[in-house]
Amino acid sequence: MKTLFFVKLTSLVVGIALLVASAFLLLNTRDFLSEAVITEGTVLELVESRSSDSITYRPVVQFTNESGQLVSFTSSTSSNPPSYSPGQQVEVLYQPGERNSPRINSFFSLWGAEAILAGIGVVFLLAGVILMFVPEFRRRKGESLKQNGVPIDTHYQGVELNTRFSVNGRHPFQVITQWQNPATSEVHMFKSQNIWFDPSNYIHTDTITVFYEKGDLQQYYVDISFLPKLAT
C-alpha cells in the first residue's frame, strides 16, 4: 500500500528531524552554559500562556547584570500548576552583553525543549523502524519456516479484523485457523499475517497449512500464498 509506505517514510523522516533539532538545541545550550554567569533573580509575576485546551504560567524574572543594570525577562518555559511564585528567589544564568540570553537555572528551563523533542523523535523513529523492517523480518521468518518448519493441516475458522493495528483508520484482515494437537489434545489458534483486503471470498478450502518451528508452536507461519495479490 502506498499509504502505508508513506506512513513508514514520514515516521522515519519526522523522527530523524526531531532528533537533529534536539541535538542542535543541546549544542546551543552547551555553548550557552560555557559562557554563562550565575546570579540571583526575583520572580516579579506570572504571565498566562493560553492554548486551545490549557492555561500555563511563565515567570517574569528580574536580576541585576554585571553592569549593575536591572534586567527583566520572561521564561520560555511554562507550567500548570506554576513552578514559581511572585517574590521567589531563583538562580539566573546569562551571558554578559547578551540581552536575550537569560534563563532560569533549572533542568526544564535549560534542557526541557531538547528532552521533549528527543522523546517525541525517538517515538516517531521507533515507529518508522518497526513499520519499515518488522514486516520484512516476518516475511523472511515465514519463508524460513516454509522451508524448514513442521507442516500441519489446520482447520479454517474465518476472517477477522486486526483491530490492534490501523493505517488511516483502516484495519487489516487476518485469516484464523485452528488445530488440535494429537499428543496433548490442546487446541491451538493461528493468525495469518496482515492482509489489506477482505480475503473471505477467495478462500474455498476447509484446510490451511501452517508451518511451525519444531518444539515451539508459538513460532509459526500461516500459508496463505493461495490468495490473490493486492494490486499496487
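Residues numbered from 1 in each chain as written. Predicted model: local features only at pLDDT ≥ 70, side-chain atom pairs only at ≥ 80, totals over all residues. Heavy atoms only, no water.

Here we look at the sheet that holds strand S1 (residues 37-50)
Spatially, S3-S2-S1-S4-S5 is the arrangement adopted by the 5 strands of the open sheet, whose pairing is antiparallel. Edge strands, defined here as strands with exactly one partner in the open sheet, are strand S3 (70-74) and strand S5 (103-104). The pairing of S1 with strand S2 (residues 55-64) spans 9 bridges and is classified as antiparallel. Paired with glutamate 48 across the two strands is tyrosine 57, which belongs to S2. (Pairing = 2+ DSSP bridges. Helix = DSSP H or I, 4+ residues; strand = E, 2+ residues; numbered from the N terminus.)

Some thoughts on the layout of surface pockets
For the largest pocket, the calculated volume is near 1700 Å³. Along the wall of the largest pocket there are 42 residues; nearest its centre are Pro135, Arg138, Arg139, Gln193 and Asn194. Looking at the lining of the largest pocket, the elements with two or more residues in it are helix H1 (2-35), helix H2 (107-148) and strand S10 (216-222). Looking at the lining of the largest pocket element by element, the count peaks at 13 residues for H2. Shared between two domains, the lining of the largest pocket holds at least three residues of each, these being domain 1 (1-122) and domain 2 (149-222). (1 Å grid on protein atoms, 1.4 Å probe; cavity = no way out; pocket = protein on both sides within 12 Å on 5 of 7 lines; lining within 4 Å. Points joined across faces, edges and corners; volume = space filled by probe spheres on them. Domains from an automatic or database assignment.)

Brief notes about the UniProt feature "domain: DUF3592" (unreviewed entry) in the chain
Under the feature "domain: DUF3592" (unreviewed entry), the UniProt entry names residues 39-96. When the span residues 39-96 is considered, its composition is 0% helix and 57% strand, and the gap between its end C-alpha atoms is 11 Å. (UniProt positions renumbered as here; feature names shortened; annotations may be inferred.)

Comments concerning the sheet that holds strand S9 (residues 207-213)
Strand order across the open sheet formed by 5 strands is S8-S7-S6-S9-S10, with antiparallel pairing between neighbours. At either margin of the open sheet sits one strand with a lone partner, and together these are strand S8 (187-191) and S10. Averaged over neighbouring strand pairs, the angle between their axes works out to 45° when direction is ignored. Two strands pair when backbone bridges link them, and strand S6 (residues 150-161) and S9 are joined in this way by 6 bridges, in the antiparallel orientation. Looking across to S9, one finds that threonine 154 is bridged to isoleucine 208. On the sheet, H2 packs against S6, S9 and S10 and is oriented at approximately 105° with respect to S10. (Axes fitted to C-alpha atoms, helices over the stretch in contact; angles between N-to-C directions. Contact = heavy atoms within 4.5 Å.)

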